[in-house]
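Structure at a glance
The primary structure of each chain is shown beneath.
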Amino acid sequence: MSEHALFNLSAGPVQATARTLRSLSKQIMYHNDPEFIRIFDETTEKLQRLFKTKGDVIIMQGEALLGLEAAAMSTIEPGDKCLNLVSGIYGHLYAYYIEAYGGRLVEVRTDYRKVIDPADVEKAFKEHPDIKVMSVCHSETPTGTLNPIQDICPIAKKHGAISIVDSVSAIGGTEVEVDEWGIDICCIGPQKNLASSPGLAPVSVSEAAWEKMRNKSRPVRYSYMSMLDFKEQWLCEKEKRGFPYTMFTNEVVALNDALDQVFEEGLDNMIARHKTAARIARAGAIGMGLELWPESEDICGTCATVVKAPEGVDEVQLRRLLYDKYRITISGGYRDMKGKVFRMGHMGTAAEPALVVMQIAMIEKSLHELGYPVKLGSGVGAALEVI
Ligand SMILES: *Cc1c(COP(=O)(O)O)cnc(C)c1O
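Source: prediction; values computed, not measured.

Our focus in this paragraph is the site of the ligand. As a matter of local geometry, the ligand sits amid Glu63, Ala64, Leu65, Tyr90, Cys137, Ser139, Thr141, Asp166, Val168, Ser169, Lys192 and Tyr334. Measuring from an oxygen atom of the ligand, one finds a side-chain N or O atom of Thr141 at 2.3 Å. Separating a nitrogen atom of the ligand from a side-chain N or O atom of Asp166 is a distance of 2.7 Å. The fraction of the free accessible surface of the ligand (380 Å²) that becomes covered by protein chains is 87%. Of the residues that constitute the shell around the ligand, the class distribution is six nonpolar, three polar and three charged.

Have a look at this one:
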């Protein structure tokens, strides 16, 4: 028995490719080694390609939440009216940042089985024309839904507000068009669809967002959370630049390699692979008589499929059985969703038809063992139909 699951089919972090693992294990470099600087610049350019932006990209050194919190801290002037869009757990949690950094909170909320209606965003801006910052989660991993960012962000732009978007579990699994959609600050993480390690927080930042940060009465500088430090100390003239602090060199080397793999596969092909995996997972879940958490399939995310725990089945027991007996990790309900759902992950290396079908098969088998009335093969059969 190995010390961890054989198949990590969770909602992230997921298993890396053998190639990314080799990159992670390369010799540690001095962060001012010209070779490291070359790799860092290359990684930044590839991230611009990934984000579809000609604007700035910084690589904050920490888990993805660092970028999200730093965005709030860097842009919100105490007293600023901030519109937070809530259709799930990550959206809900963003309000804590807004309030911690002195924002006056305005929220548009929807049932966690639905997504944000752009018309409600428009209405909020009409009611509160003085909104300065808008925050929204793109792919709500805990509830398995996808907000229509492409329609929401232009509304913020039109009303002169800075948009902060959590695309951590969206990037690589669905379209993200930073410039086209006018996203001011887009935060991602390497540990979801990109299948790299969870230690970096790449963030795209628009000119309008830098302006907002500089115009704060007390701009955030000389802080680990500072985005301006990256702009002013690193994204300046090449002769003068220096890292604001030591970079996580191995994480950067691994991300650089993971991004090469994205473009070798083709970003569009990678997105298509995630959409296919999600479609197979949904068919399998429905085929075995389960109900999806999202209200309809057209709003479902592509990185994980969230399924209602069936009546009489303890999802913790289901996951324990899958782990102990079949060496598979899937995810449970996150925070408020605990006990209500389980999550079938299909991100990055796990977004493969064969792995999704295996996952469906073993979930089916485990549910059967737990006494849930499922006809063996019904989920797998439905899944195979859509491949
Ligand atoms: C994974 C994820 C993050 C990263 O934060 P953790 O909670 O530490 O995993 C942020 N936002 C979304 C939507 C995520 O899926």
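Picking up where we left off.
Our focus in this paragraph is the sheet that holds strand 10 (residues 201–205). The seven strands are arranged 2-10-9-8-5-3-4 in an open sheet whose pairing can be described as mixed. Two strands lie at the open edges of the sheet, namely strand 2 (56–60) and strand 4 (104–109), each paired on one side alone. Going across the sheet, the axis of each strand differs from the next one's by a mean of 20 degrees, ignoring polarity. With five bridges connecting them, strand 2 and strand 10 associate as antiparallel partners. Note that in strand 10 the partner of Met60 across the bridge is Ala201. Helix-sheet contacts for helix 2 (residues 34–51) involve strand 2, strand 9 (185–187) and strand 10, and the interaxial angle to strand 2 is about 120 degrees. On the sheet, helix 4 (residues 89–100) packs against strand 3 (81–86), strand 4, strand 5 (131–137) and strand 8 (162–166) and is oriented at approximately 160 degrees with respect to strand 3.

With that settled, the discussion passes to empty space enclosed by the protein. In total, this model carries one cavity of 30 Å³ or more according to the counting rule given. There is about 40 Å³ of room inside the largest cavity. Around the largest cavity, the lining residues are Leu50, Lys52, Ile171, Gly172, Thr174, Glu175, Val176, Leu267 and Ile271. Looking at side-chain class alone, the lining of the largest cavity contains five nonpolar, two polar and two charged residues.

Rules used in this analysis
Residues numbered from 1 in each chain as written. Predicted model: local features only at pLDDT ≥ 70, side-chain atom pairs only at ≥ 80, totals over all residues. Heavy atoms only, no water. Near = heavy atom within 4 Å. Polar contact = N/O pair within 3.5 Å; in protein donor to acceptor, adjacent residues only side chain to side chain. Areas by Shrake-Rupley, 256 points an atom, 1.4 Å probe, with all protein chains shown as cover. Nonpolar A, V, L, I, M, F, W, Y, C, P; charged D, E, K, R; others polar. Pairing = 2+ DSSP bridges. Helix = DSSP H or I, 4+ residues; strand = E, 2+ residues; numbered from the N terminus. Axes fitted to C-alpha atoms, helices over the stretch in contact; angles between N-to-C directions. Contact = heavy atoms within 4.5 Å. 1 Å grid on protein atoms, 1.4 Å probe; cavity = no way out; pocket = protein on both sides within 12 Å on 5 of 7 lines; lining within 4 Å. Points joined across faces, edges and corners; volume = space filled by probe spheres on them.

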